[in-house]
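This is what each chain is made of:
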Amino acid sequence: MHAHYGAGGDGGGGRRAAPLPGDAGLYFLGSLHELVAVGLHRPALEALCAGQRDLAEPPIDRAYLLKILDEEISRQFGHPLRPLIELVLNAADAARAPQPLVDVTVTDGRVDVCDTGVGMGLRAILSRLLIPFATDKRPGIDLGRFGVGFFSVLGFGLSDPESFSLHLTTGDGIEGWAIRVVAWPGEGDAPDAPASAPEEVGSARGRAAPEVAAALMCSVRRIAPLLGTRVRVTSSLLEASAVRAYLRDALHFFPASRALVLLDGAAVNDGRLISGGQLVQERVAHPGGAVAGAGSPAGAGALGAGSSGFAELARARLEEAEEARGRALLARFHVGGRGLLPSISAATFHAGVKVDACLALAELALIDFPAAVELTEGRDALKVGPEFTAVAAAFYRRLIQLAAASGEGRRTRDRLAEMAAQISALMLQSAGWDEVARDLARALLGPGRCMVTPERREALLGFLGPSVAERLFVPESFWAEREWQPYLPGERELLEDELELDPAETLSALARRRGDLAGLPLLLARAANPHTTLVALCRSRLPPDRGGADAAAPRGAPGAPPFAPPFAPPFPEAAGRRPAGPLPCLGTRRLLLIRDDSPAVRRPSGWSDWYALRAAFDRASGVREADLERDLIVGEPVDGTACAAPRPGERTSGGEP
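Everything numeric in this text was worked out from a predicted model, so none of it was measured. (Residues numbered from 1 in each chain as written. Predicted model: local features only at pLDDT ≥ 70, side-chain atom pairs only at ≥ 80, totals over all residues. Heavy atoms only, no water.)

Regarding the overall build of the protein chain
Where we set the bar: By the criteria applied, helices consist of DSSP H or I runs no shorter than four residues and strands consist of E runs no shorter than two, each listed in order from the N terminus. Exposure categories follow from relative accessible area, calculated using a 1.4 Å probe and restricted to protein chains: below 20% of the type maximum is buried, above 50% is exposed, and the middle band is partly exposed. We call two residues in contact whenever any of their non-hydrogen atoms come within 4.5 Å of each other.
Broken down by element type, the protein chain carries 22 helices and 22 strands. Taken over 657 residues, the protein chain has a buried fraction of 51%. Summarising the internal contacts of the protein chain: among those between residues at least 6 apart in sequence, 73% fall at separations of at least 24.

So, in structure tokens, the structure goes:
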């Protein structure tokens, strides 16, 4: 074992052991993983708490222990400053009423997190703080869940070990303790390492090559009694302005009832950083009687000898989770408003455990999940489960209630639909979306709405006419388009609902069959190969009260009504049809649509009709906009004589008479 020094009894009676000169109160000095091994082995833990100087080597597999510690230190969270939030959450759990308070002080290269709540004695430090997953936090009550916050902070020592140190002072009012952890710059570079350490470490059973955890040195010292805990993290990676911005973003929606967080003396979670919007909270029933937080803790029983306490811990957590069965989940929602600092963005929030910036949202949308929602093993994401889904679905239904209560118009409801889809995709991992998407569509979008992409909106309005605008829902983002696509009809359904479509045929065949449509020759001349270009004639549908057989059969087809003979120019306004838009052609994935009720197709007159035919056909055929404009500028003039119908025997551009 590494050197251990005691200032208490020797474990054999009332005789006191004389402390070494200059080391009064020092209980441990050595590698951090050796201290963790002591905490896992009950006889060694009892001996160290008694102040015994020489400890028997705990029978712990060092290779596996180092592997676990390395994973917890180096792969803890996605955001580099995330471990600081863990310190705040631990302090909030320790803080006590009447006004729980967590004080955070930030300077360049240093962060201090303090509370005046329940501190720890030496036994709690060794058996809880320094043992991964061995937490005494209560599921659904406390914020901490996995007992790995202490180790996550040690990750700051990876990139710049020379500047890193962790200094923790804590006490339960009866005793006080100081723990200091520093990182070795490299193997063999620790100037203060005990002289016996290399031989003893090398002879340890199952010892692996020095890794991350092996490069951490730790000391434990008794100090004067105190109440509360102070954690000081020192690292060159802690740039003051970046740390302050991150803490404000992560904690501005933290429930002040749990703890008021002071950042350099100013409260960050009392609501003053948010302007406007609406904050509501509601209780969400546990779905299916599921128990949030049930299940054994990760890693239980995995450290070989000395891990029997993990089974006890698992049983205790299961009992606590059973007590929470049937208890409602308290969720908070804040919708609308804006952050008063650039760092305050839309975010999800789960008792401080997860904050996701969602910059795609113009509004401020915040969701406070109850602590019962479980986390993934990476501790940096919420686990999609029954509780998570229940709270997400409650949030979407709250949007419906807010829209109904406010009586907002269509534009606002469309914006809420956009925001709900973005939140689903970017913040909530689509949890609960399938359950409420159809209700959202009915409440926010209304019946008959069809989703079209922004780049198709103008083309559809030009082809179908401006009166169809009320039916279009145009998502602003890719994420909203992705979420709404399975639940809203699209462009194809819109066209089939608005138009009567003739069977598809080639453009050359259509030009021969419908000689009454004077605009077809220009389209025939523009086509690269009219014999293979598939087109379909279409027109606006009759209103429902004037539909029937005459609306279903195209003019000139068998069964068409006698008052609409072949080649007779239609009069859609007189028939009660919607007037055609200014664009006579529209390209789709399968074919090109041509409106036979468009004046430009029936009887083009003047340059504007010829331009509409030419430009619309080129766009529908896939000609690039730049090429189209250049051709209109430098090409031949567009007029009626240039596009006259071919005389008998004259060949078209396709080579067919």
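There is more to say after this.
Considerations on the nonpolar core
The nonpolar side chains of a soluble globular protein tend to be buried with one another. We apply this condition: Each nonpolar core is a collection of buried residues, namely Ala, Val, Leu, Ile, Met, Phe, Trp, Tyr and Cys, held together in the definition by side-chain atoms within 4.5 Å.
Within the largest apolar cluster, 76 residues are counted, with the highest numbers of intra-cluster contacts made by Val-104, Leu-154 and Leu-247. Per-element tally for this core: the top contributor is helix α4 (residues 82–94), with seven residues.

A few points about the confidence of the model for the protein chain
Under the convention used in this document: On a range of 0 to 100, pLDDT expresses the predictor's confidence in each residue.
Model confidence for the protein chain is summarised by a mean pLDDT of 76, while 71% of its residues fall at 70 or above. Of the regions scoring below 50 in pLDDT, residues 133–147 engages in 58 contacts with residues more than four places distant in sequence or in other chains. Here residues 187–210 is a poorly scored stretch, pLDDT under 50, and it has 28 contacts once near neighbours within four places are set aside; other chains count.

With respect to the sheet that holds strand β14 (residues 347–349)
Just so we agree on the cut-off: Criterion used throughout: strands pair if DSSP finds at least two bridges between them. Here an angle of 0 to 180 degrees is reported between the N-to-C directions of two axes, which are lines fitted to C-alpha atoms, with helices fitted over the stretch in contact.
With mixed pairing, the four strands of this open sheet are ordered in space as β11-β12-β15-β14. Across the chains shown, the open sheet's two edge strands, defined by having one partner strand only, are β11 (278–284) and β14. The mean inter-strand angle of the sheet, taken between neighbouring strand axes irrespective of direction, is 15°. Across four bridges, the pairing between strand β12 (residues 329–335) and strand β15 (residues 365–368) is antiparallel. Opposite Phe-333, over in β15, you have Ile-367 as the bridge partner. Where helix α11 (residues 386–406) meets the sheet, its contacts fall on β11, β12 and β15, and the angle it forms with β12 comes to roughly 45°.

Side note on the environment of Arg-526
Considering the arrangement of structural elements, one finds Arg-526 in helix α18 (residues 520–526). A relative accessible area of 27% places Arg-526 in the partly exposed class. Between the C-alpha atoms of Arg-526 and Leu-613, which are 87 residues apart in sequence, the distance is 9.6 Å.

What to know about the environment of Glu-455
Looking at where Glu-455 falls in the secondary structure, it is placed in helix α14 (residues 454–464). For the pair Glu-455 and Val-474, spaced 19 residues apart in sequence, the C-alpha to C-alpha distance is 9.3 Å.

With respect to the side chain of Glu-505
For clarity, the cut-off: A 3.5 Å cut-off defines polar contacts: any pair of N or O atoms within that distance qualifies, except that in protein one atom must be a possible hydrogen donor and the other a possible acceptor, and neighbouring residues in sequence count only when both atoms are side-chain atoms.
In this fold, Glu-505 is placed in strand β19 (residues 505–506). Of the residues examined, Glu-505 reaches a relative accessible area of 17% and is grouped as buried. Of the polar contacts made by the side chain of Glu-505, one reaches the side chain of Arg-513; its length is 2.7 Å.

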